[in-house]
Amino acid sequence: SNYCCYIAYKLLLTQLSYTAFCKNMVEVSTFEQQVQLHLSPNRSATWQQTKFLMASFGLFISSIAIAWAFAGAWVILPFAGIEVGLLTLIMYLVSKATYQWQTVLISPQTIFVQCSNGAYLRFPRHDTSLYFFKDTEKKRLPRLVLQTHLQQFELGAFLNADDKQRVHDSLKTTGIMICTNKWW
C-alpha cells in the first residue's frame, strides 16, 4: 500500500503545474484519504519584473557614473560597476530563493515530503510528530519540524508566522501528533 501511495504521489506531482506567481503560500487539497500541502515563499515579483528592475538600476547608476566621468571624476566608474554587479547578484539570489517549494502528502500510513532542491523524505505516519517551536524570548518566527526517532525535517522555513500557523492547523486536523515547547 505504501508503493501505491508513492505512485499516487508521483502522478499527482506530474499533474500539478505550479505557476510563477503564487498568491497562496500554503495550498491545501484533500483527495480520497490523503491531504496535500504545497508550501511556497511569498514572491512579490516575477523573474521578468526582477530583470526589468535590475536593468533599470543598472542604466540609472551607469548614466550617473558616465556623467561624473565626463566631468573629470573618472575614478567613479569602477565603483559604479561594482555597485551594479553586487546589486544584480543580490537581486538574482533573492529571486532564486523565492522559487523554492515543499510538498507534503499525508496518507493513512506515510508522510511524503518533496522539496524543490530534489530532496525526498518519507516518514512513517504513526511514529511522526510535528514539533511546533515558539520562540518566547527573542520574537523569532516559530519553527515546524517533522520528527521521528531517526530523522527530522523543518517544514516551511521560508514561511511567515501566519502561514506557519496555517500549516500547523492543517497538519493537526490530519491527526498528526503536535508537540510544542510552550505548554502555558
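Since the model is a prediction, treat every value here as computed from it, not as a measurement. (Residues numbered from 1 in each chain as written. Predicted model: local features only at pLDDT ≥ 70, side-chain atom pairs only at ≥ 80, totals over all residues. Heavy atoms only, no water.)

> How do you make sense of the sheet that holds strand 1 (residues 26–31) when you look at a structure like this?
What links the strands of a sheet is backbone hydrogen bonding, and the strands pair in either a parallel or an antiparallel sense. Strand order in the open sheet made by the 5 strands is 1-2-3-4-5, with antiparallel pairing throughout. With one partner strand each, in any of the chains shown, strand 1 and strand 5 (120–124) form the two edges of the open sheet. Geometrically, the sheet is characterised by an average inter-axis angle of 15 degrees between neighbouring strands, direction not taken into account. When strand 3 (residues 102–106) meets strand 4 (residues 110–115), the two strands line up antiparallel, connected through 5 bridges. Looking across to strand 4, one finds that Leu105 is bridged to Phe112. Along the sheet face, helix 4 (residues 161–173) touches strand 1, strand 2 (34–39) and strand 3 and points at about 15 degrees away from the line of strand 1. (Pairing = 2+ DSSP bridges. Helix = DSSP H or I, 4+ residues; strand = E, 2+ residues; numbered from the N terminus. Axes fitted to C-alpha atoms, helices over the stretch in contact; angles between N-to-C directions. Contact = heavy atoms within 4.5 Å.)

> Any chance you could explain the pairing of strand 5 here in plain terms?
Sheet faces and side chains relate simply in a regular strand, where the side chains alternate between the two faces. Across 5 bridges, the pairing between strand 4 and strand 5 is antiparallel. Counterpart to Gln114 in the pairing with strand 5 is Tyr120. The antiparallel pairing of strand 4 with strand 5 creates a hairpin that spans 4 residues between the two strands, and Gly118 there sits at a positive phi of about 95 degrees.

> Where do I start with the nonpolar core in this structure?
Most often, soluble globular proteins keep nonpolar side chains buried together rather than apart. If you look at the biggest cluster of nonpolar residues, it comprises 21 residues, and the most contacted ones within it are Leu37, Ile111, Val113, Leu155, Val167 and Leu171. Looking at this core, the elements that each hand over two or more residues are strand 2, strand 3, strand 4, strand 6 (129–133), strand 7 (143–147), strand 8 (152–155) and helix 4. In contact with Ile111, not counting residues within four places along its chain, are Val104, Leu105, Ile106, Leu121, Arg122, Phe123, Arg125, Thr128, Leu146 and Ile176. (Core = buried A, V, L, I, M, F, W, Y, C linked by side-chain atoms within 4.5 Å. Buried < 20%, exposed > 50% of the residue type's maximum accessible area, 1.4 Å probe, protein only.)

> Help me out: how do you make sense of the pattern of salt bridges in this one?
For side chains of opposite charge, pairing can occur when their charged atoms come near one another. What the rule picks out here adds up to 1 salt bridge. With a closest N to O distance of 3.5 Å, Arg143 and Glu154 form a salt bridge. Taken together, the residues Arg143 in strand 7 and Glu154 in strand 8 connect sequence positions 11 residues apart. Classification of Arg143 by relative accessible area gives partly exposed; the value is 38%. (Salt bridge = Lys/Arg side-chain N within 4 Å of Asp/Glu carboxyl O.)

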